[in-house]
Amino acid sequence: MRTTRTVPARPALIVTLGLATAGSLLLAPGTAGADPKPVVREGAPVDDRAARAPESAALRALTAPEETSATTDTRGYPRRQVLSPDPENPGDKSLKLGLVPYHGIAPKLNALQRLGDRVSVEVTGRSAGGHRLYLVTVTAPETTREARAQERMRDLIERAPATAAKSPEIKRAYKTPVFVNSNIHGNEWEGTDASLRIIEQLATAGDARTRDLLAHSRLYFNITANPDGRIAGTRANAGGFDLNRDFVTASQPETRAMRRIQLDTQPAVLLDLHGYVNGTLIEPTTPPHGENYEYDLFLKNTYANALGMESAVNALGYTPAKDGVEPAQIPFRDQEEGWDDWPPIFTPQYAAFHGTVAAHTVEIPLAVNNEEYDELPVAELRRRAAVNTAVAGAAVRATLDHVRQRRATLIADQIEVFRRGAAGAPQVPVSPDTVPGVPGIGPEDVYTTAFPRAYVIPPGTSHAQRSAPAAARLVDHLLANDVRVTRATRPFRLAGRTHPAGTYVVDLHQPKRGMANALLADGRDISDKVSAMYDISGWSLGRLWGATVEPVTSGSLRGAPLRPVTEAAPVAQVPPHGGLRLRLDDPREIAALNSLLRDGVTVREAPDGSAIVPAAARRAALAAARAHDVAFTATRLTGTTPLHRPRVAAAVTPGELFALREMGFDVTPVSTAVLNAGFDWSGTDVLFVSAGLDRARLTAPARAALDAFLDRHGLVGRGATGAALNAAAGRLAVTPVAGDEDANGVVRVTNPGPLTRGAPDHTFVYAPLWFTGLGAGVRVEQAYAAGNPVVSGHWRPLRDGSGGPAAAAGRAAVVSGDRTVLFGTEPLFRGHPKGEFAQVARALITVAQSVSVEESG
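Owing to the predicted nature of the structure, the values given are computational and were not obtained by experimental measurement. (Residues numbered from 1 in each chain as written. Predicted model: local features only at pLDDT ≥ 70, side-chain atom pairs only at ≥ 80, totals over all residues. Heavy atoms only, no water.)

A. Layout of the sheet that holds strand E17 (residues 550-552). Here we have five strands laid out as an open sheet, ordered E17-E12-E16-E13-E18, and antiparallel in their pairing. With partners counted over all chains shown, the strands left at the sheet margins are E17 and strand E18 (562-564), one partner each. Across the sheet, the mean angle separating the axes of adjacent strands is 30 degrees when strand polarity is ignored. Bridging between strand E12 (residues 454-457) and strand E16 (residues 504-507) involves four bridges; their strand directions are antiparallel. In the strand pairing of E16, Ile 457 is matched with Tyr 504. (Pairing = 2+ DSSP bridges. Helix = DSSP H or I, 4+ residues; strand = E, 2+ residues; numbered from the N terminus. Axes fitted to C-alpha atoms, helices over the stretch in contact; angles between N-to-C directions.)

Following this line, the structure appears as structure tokens:
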């Protein structure tokens, strides 16, 4: 489930609709009454658990290729394959609930394919833990020719929406794509079982409504989006990632598989099946609403389908007294705030940018995870799981009936989303007039944006490589998200400025302008809009990924020498003669350095913090340049101190551990428990602490060993946990000041210190800290900008007026001294802000290096 705090309810609305036909596969709406229920936060907003993910999970995530596009598969349906069985796993957490274990899914899918000619199974990739990801398609059989026609129409809808809107073939023959995503949180199991049951019913049902549905729809079921978590009973995958927070970054193979499904199938309707909120929670959401959506079309369709799902769920007959099940709720109608769709990090909100006009998180009611899993009797757990499976099934069936009845409207509105983008048409603000039939629309629901005409991304040059790896990474990421990017074949002028050949241009007159703008724009400071936010409120790749991104608000691209690109131009470069210099401003450059050091290449530090590689190591440098797509420049410098690849002990969050491994560091995860069990510090050069290590909870021997290590070596700390260890160990003389622990977003900073040399002038914060009372020898490496540093996000003062952005303005955000660096920011947050990674890398290298220099001296 998502998690949020209790908020006041909107006025309740009583909705009465017709009852389902007895025996029908597709349930029609039943009588429902909206009774607002409080939705409460589950756990602390700040993740303070130390990451334990194995290195193999990170390696698999970092090296897994993008799955082959389904649009290149022109076979008809069904597309059968026999899946090999997985080893039986008696430890699968699904078994206790009486649900299908992961090892039971492949045999079940084989059996479903044998039931007839409606079910097809494809493997879309593997999870971070190495488990297969299954996509099931249910539709009436198609010849190869018919399948090609469907793909052609799908492409026309996106690529030429104005033409598609007039196409009689699309109106007559296009099959509505529907995507049901299950089990993205591994310990929210029952969506998988509900999907398997519905697939089985659809495979053999002979009633006219089912035949009509499958003749005019393709139904796609992602059976378990998170098999690692399903097996282990964890919310996260084997890499420790919450996959329903990863869609902007797409760091994990499961997220990339879901992204590929959405790009290839272009669903008009999507359900993301979760748990647990009682009564069943069915989106649309509370404000604030994502400002880059075509929200009038989205709200119209999502609310209409939500009413049908609500009625179907309530028609199951479960009651609070008899079953412990409350009536369903719809946040848009029943809550004021706290369950928003502002960030596009969630499955339904991300899908809206790819043409999905009805998209829902559905939270089934009865908790069976966490403490309930451990404490409730098995019989009660299985009763709850059966109720949840039935509720999820009712939601899916109601959606399929809605699709069958509203096919023409859904496709027409999807086409309109793309038409507005391609034409550069204005958004339509929601109101009772523009979205008739949806009650309670008010000014608090109106969120739109002014799209720029285009974005310009300079590519970097051989003389200014700072942004070159970042620009290439950003362009490839845009393309992976189906954003169209062009590149200048020669210099050109736009809005009064001349741009060099090789410049990338993102024209915002494109079908998926919302996706482009959501990724590249600054975003907005919404601190004054609502008191509570559900998750992050700022995420700008334009500010956080290290590339220069320039919005162009006016001007014409007509006649500009721009050609579409399918990938970024390679950056890799090694001069043919002389010594070599490598900047260390980008995670790719850090990874290249670490690969050279791992292979025994002698690398020395330059006065400006860059790395100097001798001419004799040119072949190794060329291999590193190609592997990491970085550029070396020629230099006559020989460097000073030899660099060594730091051995890092890390008590950090999963995103931070992943980022460290992405940069090629030799990392050993630690925690309070690991140190108490007896940790050998002899293989460690530096300790990085941000989560899961509490000195006060260490045994006396573990505490003594930690203190002895810190006396000889160094500490990099982040956040409250890092600052607490710094204070307990008596290292830097500083006073940490905590802002609101819910505050987060993109903030402006200044970078006066050597560790932040070359860093962007923006960073990311979550539960921000700053430092006052700086003692002797403490240096400010980074400071929050003066005035209001918030660019986009949600950061309010605490109830007593302290802890707000005004209090942080001008204060130290990152400090250093005495082999210690402390961060009050979140430069590695969820593996996302790529342009900030190098700050942490430099801190680790510098701290470890200073110890090495002292020992050698």
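B. Just the nonpolar core, in detail. Residues Leu 109, Phe 221, Ile 457 and Val 506 are the most contacted members of the largest nonpolar core, which totals 152 residues. When residues of this core are assigned to their parent elements, the largest contribution, 16 residues, is made by helix H15 (residues 378-423). Apart from residues lying up to four places away in sequence, Val 506 is in contact with Ala 454, Tyr 455, Ile 457, Leu 478, Val 483, Arg 484, Val 485, Ala 516 and Leu 520. Counting 57 residues, the second-largest nonpolar core is a separate cluster that includes Val 613, Val 630, Leu 755 and Trp 770. (Core = buried A, V, L, I, M, F, W, Y, C linked by side-chain atoms within 4.5 Å. Buried < 20%, exposed > 50% of the residue type's maximum accessible area, 1.4 Å probe, protein only. Contact = heavy atoms within 4.5 Å.)

C. Representation of the confidence of the model for the protein chain. Confidence in the prediction for the protein chain averages 93 pLDDT; 92% of positions are at 70 or higher. In this model residues 3-36 is a low-confidence stretch, pLDDT under 50, and it forms 109 contacts with partners more than four residues away in sequence or in other chains. (pLDDT = per-residue confidence, 0-100.)

D. Quick look at the sheet that holds strand E3 (residues 119-126). The strand order E3-E4-E6-E5-E7-E11-E8 describes an open sheet built from seven strands, whose pairing is mixed. Edge positions in the sheet fall to E3 and strand E8 (281-282), since each has one partner strand and no second. The sheet contact formed by strand E5 (residues 176-182) and strand E7 (residues 269-275) spans five bridges and is parallel. Bridge pairing in E7 places Asn 181 opposite Asp 272. Packing against the sheet, helix H7 (residues 208-215) makes contact with strand E4 (132-138) and strand E6 (217-222), and its axis sits at approximately 85 degrees to E6.

E. Expanded view of helix H23 (residues 700-712). When the terminal C-alpha atoms of H23 are compared, their 19 Å separation across 13 residues agrees well with the 18 Å that a helix rising 1.5 Å per residue should span. Buried residues of H23: Ala 702, Leu 706, Phe 709 and Leu 710, and no others. Along the axis of H23, the buried positions cluster into a sector of 95 degrees, meaning they face one direction only. Away from the buried face of H23 by more than 90 degrees, exposed residues Ala 700, Pro 701 and Asp 711 are located. (Expected span 1.5 Å × (residues − 1). Arc of directions from axis to C-beta.)

F. Structural detail: the packing of aromatic side chains. Applying the stated criterion across every chain yields a total of 19 aromatic pairs. Relative to Tyr 784, the ring of Trp 770 has its centre 6.5 Å away and its plane inclined at 90 degrees; by these criteria the two rings are edge-to-face. One end of the pair, Trp 770, is in strand E30 (residues 769-772); the other, Tyr 784, is in strand E31 (residues 779-784), with 14 residues separating them in the sequence. There is no split in this pair, since Trp 770 and Tyr 784 are both buried. Members of the aromatic cluster, connected to one another through ring pairs, are Tyr 293, Tyr 295, Phe 298 and Phe 353. Against the face of Tyr 77 rests Arg 79, its NZ or CZ located 4.1 Å from the ring centre. Seen from the ring of Trp 545, Lys 834 lies directly overhead, with NZ or CZ sitting 5.9 Å from the centre. (Phe/Tyr/Trp six-rings, centres within 6.5 Å; stacked < 30°, edge-to-face > 60°. Lys NZ or Arg CZ within 6 Å of the ring centre and 35° of its normal.)

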